[in-house]
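Residue-level structure breakdown
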Amino acid sequence: MSNERIWPQQLEKGILDLGQGLKKEPHGEAALKEAEARYQAILENIEDGYAELDLSGNITFANVSYCRIFGYSREEMCGINYRRVVPPQNAEEVYRVFNQVYRTGIPNKAFAYEVVRKNGTRRFIEASIHLITNEEGRRIGFRCILRDVTDRREAEEELARRGSHLMAIFRSVQDAIITVDHEMRITEANKSAIGICGLDVATMTGRVFNACPIQCDKSCCEVLQDVLRRKVTVREFKIQCRHLDRPQQMVVVTASPLLNLDGKFMGAVLVIRDITRLSDLERELRERHQFHKIIGKSRRMQDMYALLEDLAHLETTVLISGESGTGKELVARALHFTGNRAQGPLIKVNCSALAENLLESELFGHVKGAFTGAIRDRKGRFQAAHRGTILLDEIGDLSPRIQLKLLRVLEEKEFERVGESTPIRVDVRMLALTHRDLKEKVRVGDFRQDLYYRLKVVEIVLPPLRDRLDDIPLLVEHFCGLFNEGFKKKIEGVSDGVLNCFMNYPWPGNIRELKHTIERAFVLCRGRYINPEHIPQEIREFTAIRKASLGRKISEMPEDFLIALEKAGWNKAKAARLLGIHRRTLYRKISQYNLVPPPEFL
């Protein structure tokens, strides 16, 4: 016989077919014995138990597998009543099933119940019960085919137990957990999603996530869409929900692809952690030394951090002004990457680097043939920044024509490419940077007044480094760490003498000048600390002059002006920087003290 496993349904059909075959056999004794032998061989070689019982429930025949399931020999098995191998609490249920088969004649398939083996252990079986009738159709007993399903049942119970345990964890975790399928339909959501998102779990399951009536701006939808599109994990993305009931709610979102046991992609899981309280405590109780990549702990920087937090999630245009080297671009990047558009593009355009025609094409794009050299259609920076942020550096250098087109983009959110009349709509947040005095440019007619006030919805004025000297030690430490990594050195920092020079220098080039000063020192320094000989001479000389004049009024020290002028080669701007005064003050003192340059400087 084959060792191929025969399933109960196949066995039942085979036995019934065999019975019909026996009825058709010739009445010869040899043929009958041959048929019985085939019947016996089938029964003895199947893995499932087979038994016949009389109407009282006594076993009249059992195959080898049936005896093995109960742990009895064939001699012991035959004659046993079913109640002997069924626990008392299950006996009535088993009787009811057999009785129903007897009364209706309809087989009962896959009836599961517990049995007791000879050694007292218990097993679960799954049985199919059929009625046996004689040639006259009279009921004479039962035919049972059963299988030991103990291992399967225990595995199912363990799986159910683990599933219940995981579901308990899923429901009790404080973070909101939401799973979606490929089309962003919600498949599961835990109880915390109700509190954090205002999501009605009972009614939202099966609905598209971004179509659900959630009381927030649904910023996390973009994160989910990104995960579904790219099938990569997005970790620790900070969002201000702008929830109607909790407008200050801050959350951290992590979204990951959802895979089944075979590793097949089946959607995404979104985990949302409410950090509102933590964010408030951070703002109120801890002095921050850094925001995004901006370094500083001074009072002016703390005020700016607070303003940046308020502006990050707003769509308003921001004008960022300040002297060259103060970090305007860092502020713009912080506004983008801490806001709702962080997943979108950040496009930078230097408005002073291109001629008017080239800048117009760069900003708005052009179509083929719009001008000489336009050999194909080109998408402009505004179009590339759709759903993101565009950063316009040195906006004070724009021509009047570009200013007019820019005003239209700000007002109407649309523009035309060069050589085309069809308007293109864009969703872009604009950040404008300048080191120029735009108000003065408006006064003299070089900058449109309407554009100026449209840009200056909110203005962030960055303080020069000389007005935030308390931040210099932090900046020095930051740049030392940066250059240690870049130069593969282990310089521990600057000496006290160098730090004293830094704290007394006016830094006309601001943070950029400080960065380049430290970079120069890293090139020259071979020891553990940066010393005065590693920094530029003008910084050292300025400190020396400053010390010489300490304790005296500026009106009483004409010799200091002369020393500074000689050191600067009578370059008045450089001498003013050495003295730490405005150039106009220096001109006034030259006139006051009748200071005359030597012949070689005339």
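Structure: above.
Focus: the overall build of the chain
Across its full length, the chain carries 24 helices and 23 strands. Counting across all 602 residues of the chain, residues that qualify as buried make up 43%. Across the chain, the fraction of contacts at a sequence separation of at least 24, relative to all contacts at a separation of at least 6, is 57%.

Some remarks on a nonpolar patch on the surface
A surface patch of nonpolar side chains, amounting to about 240 Å² of accessible area, comprises Phe 487, Val 523 and Leu 524. Positionally, Phe 487 belongs in helix 18 (residues 472-487).

Brief notes about the sheet that holds strand 7 (residues 186-189)
Here we have five strands laid out as an open sheet, ordered 7-6-10-9-8, and antiparallel in their pairing. The sheet is open, and its two borders are formed by strand 7 and strand 8 (234-240), each paired with just one other strand. Ignoring which end each strand starts from, the neighbouring axes of this sheet average 25° apart. The pairing of strand 8 with strand 9 (residues 250-259) spans five bridges and is antiparallel. The residue bridging Val 234 from the neighbouring strand is Ala 255, located in strand 9.

So, the sheet that holds strand 17 (residues 388-393)
Where strands meet in a sheet, backbone hydrogen bonds hold them as pairs that are either parallel or antiparallel. The strand order 14-17-20-13-21 describes an open sheet built from five strands, whose pairing is parallel. The open sheet has two free edges, formed respectively by strand 14 (346-350) and strand 21 (458-461), since each of these has just one partner strand. In this sheet, neighbouring strand axes are inclined to one another by 20° on average, regardless of whether the strands run parallel or antiparallel. Pairing of strand 14 with strand 17 involves five bridges; the strand directions are parallel. By the bridge assignment for strand 17, Leu 346 is matched with Thr 389. Running at roughly 165° to strand 20 (residues 428-434), helix 12 (residues 328-337) makes contact with strand 13 (318-321), strand 14, strand 17, strand 20 and strand 21 of the sheet.

Quick look at the pattern of salt bridges
A side chain of one charge can pair with a side chain of the opposite charge when the charged atoms of the two come close. Within this structure, the stated rule accounts for 40 salt bridges. For the salt bridge of Arg 341 with Asp 427, the shortest nitrogen-to-oxygen distance reads 2.6 Å. In this pair, Arg 341 sits in the loop between helix 12 and strand 14 while Asp 427 sits in the loop between strand 19 (424-425) and strand 20, placing the two residues 86 residues apart along the sequence. Judged by relative accessible area, Arg 341 falls into the buried class, the value being 10%. Here Asp 427 falls in the partly exposed class, since its relative accessible area comes to 35%. The partner of Arg 448 in a salt bridge is Asp 450, with the nearest N and O atoms 2.8 Å apart. Note on Arg 448: relative accessible area 30%, which makes it partly exposed. Judged by relative accessible area, which is 36%, Asp 450 ranks as partly exposed. In the salt-bridge network here, residues are joined through shared partners; they are Arg 408, Glu 412, Glu 414, Glu 416 and Arg 425.

What about helix 23 (residues 572-579)?
Among the residues making up helix 23, those that are buried are Ala 575, Ala 576, Leu 578 and Leu 579. In an axial view of helix 23, the angular spread of the buried residues amounts to 160°, which keeps them on one side of the axis. Backbone geometry just after helix 23 places Gly 580 at a positive phi near 75°.

Observations regarding the packing of aromatic side chains
Enumeration over the complete set of coordinates arrives at 15 aromatic pairs. Ring geometry for Phe 483 versus Phe 522: centroids 5.8 Å apart, planes at 50°, classification tilted. A residue pair is termed long-range when its members are at least 10 positions apart, and Phe 483 in helix 18 and Phe 522 in helix 20 (residues 510-524) qualify at 39 residues. No difference in accessibility class separates Phe 483 from Phe 522, as the two residues are buried. Here the aromatic cluster, defined as three or more aromatic residues joined through ring pairs, consists of Phe 502, Tyr 505, Trp 507 and Phe 542.

Thoughts on the environment of Gly 120
Along the polypeptide, Gly 120 turns up in the loop between strand 3 (108-116) and strand 4 (122-133). Linking Gly 120 and Val 85, residues 35 residues apart in sequence, is a C-alpha distance of 9.5 Å.

A closer look at the pairing of strand 6 (residues 176-180)
Two faces belong to every sheet, and in a regular strand the side chains alternate between them. Burial analysis of strand 6 places five of its five residues in the buried class, which makes it a mostly covered element. Neither face of strand 6 is open: one carries Ala 176, Ile 178 and Val 180, the other Ile 177 and Thr 179, and all of them are buried. Inspection of the sheet shows strand 6 paired to strand 10 (residues 265-274) by five bridges, in the antiparallel sense. Directly across from Ala 176, in strand 10, lies its bridge partner Ile 272. With three bridges connecting them, strand 6 and strand 7 associate as antiparallel partners. What sits directly across from Ile 178, in strand 7, is Ala 189. Here strand 6 folds back onto strand 7, and the loop between the two strands holds five residues, one of which, Met 184, carries a positive phi near 65°.

Section: the nonpolar core
Val 476, Phe 502, Trp 507, Leu 514, Ile 518, Ile 530 and Leu 586 are the most contacted members of the largest nonpolar core, which has 38 residues in total. Only helix 18, helix 19 (496-504), helix 20, helix 21 (537-548), helix 22 (558-567), helix 23 and helix 24 (583-593) provide two or more residues apiece to this core. Here this core gets seven residues from one element, more than from any other, and that element is helix 18. The contact partners of Ile 518, leaving out residues within four places of it in the chain, are Val 476, Phe 479, Cys 480, Phe 483, Phe 502 and Ile 530. In this structure, Ile 178, Ile 186, Val 234 and Leu 270 belong to the second largest nonpolar core, which totals 31 residues.

Focus: the side chain of Asn 484
Among the structural elements, Asn 484 can be located in helix 18. Overall, Asn 484 belongs to the buried group, its relative accessible area being 16%. Excluding residues within four positions of it along the chain, Asn 484 makes contact with Lys 489, Lys 490, Ile 491 and Phe 522.

Thoughts on the environment of Asn 531
Note on placement: Asn 531 falls in the loop between strand 23 (529-530) and helix 21. Given a relative accessible area of 27%, Asn 531 falls into the partly exposed group. Asn 531 sits 36 residues away from Ser 495 along the chain, and the two C-alpha atoms are 5.6 Å apart. Look past the residues within four positions of Asn 531 in its chain and what remains in contact with it is Ser 495 and Val 498.

Procedures and definitions
Residues numbered from 1 in each chain as written. Predicted model: local features only at pLDDT ≥ 70, side-chain atom pairs only at ≥ 80, totals over all residues. Heavy atoms only, no water. Helix = DSSP H or I, 4+ residues; strand = E, 2+ residues; numbered from the N terminus. Buried < 20%, exposed > 50% of the residue type's maximum accessible area, 1.4 Å probe, protein only. Contact = heavy atoms within 4.5 Å. Patch = residues over 30% accessible without salt bridge, like charges linked within 9 Å, V, L, I, M, F, W, Y side chains within 5 Å. Areas by Shrake-Rupley, 256 points an atom, 1.4 Å probe, with all protein chains shown as cover. Salt bridge = Lys/Arg side-chain N within 4 Å of Asp/Glu carboxyl O. Pairing = 2+ DSSP bridges. Axes fitted to C-alpha atoms, helices over the stretch in contact; angles between N-to-C directions. Arc of directions from axis to C-beta. Phe/Tyr/Trp six-rings, centres within 6.5 Å; stacked < 30°, edge-to-face > 60°. Core = buried A, V, L, I, M, F, W, Y, C linked by side-chain atoms within 4.5 Å.

Just distances and angles here, no functional claims.
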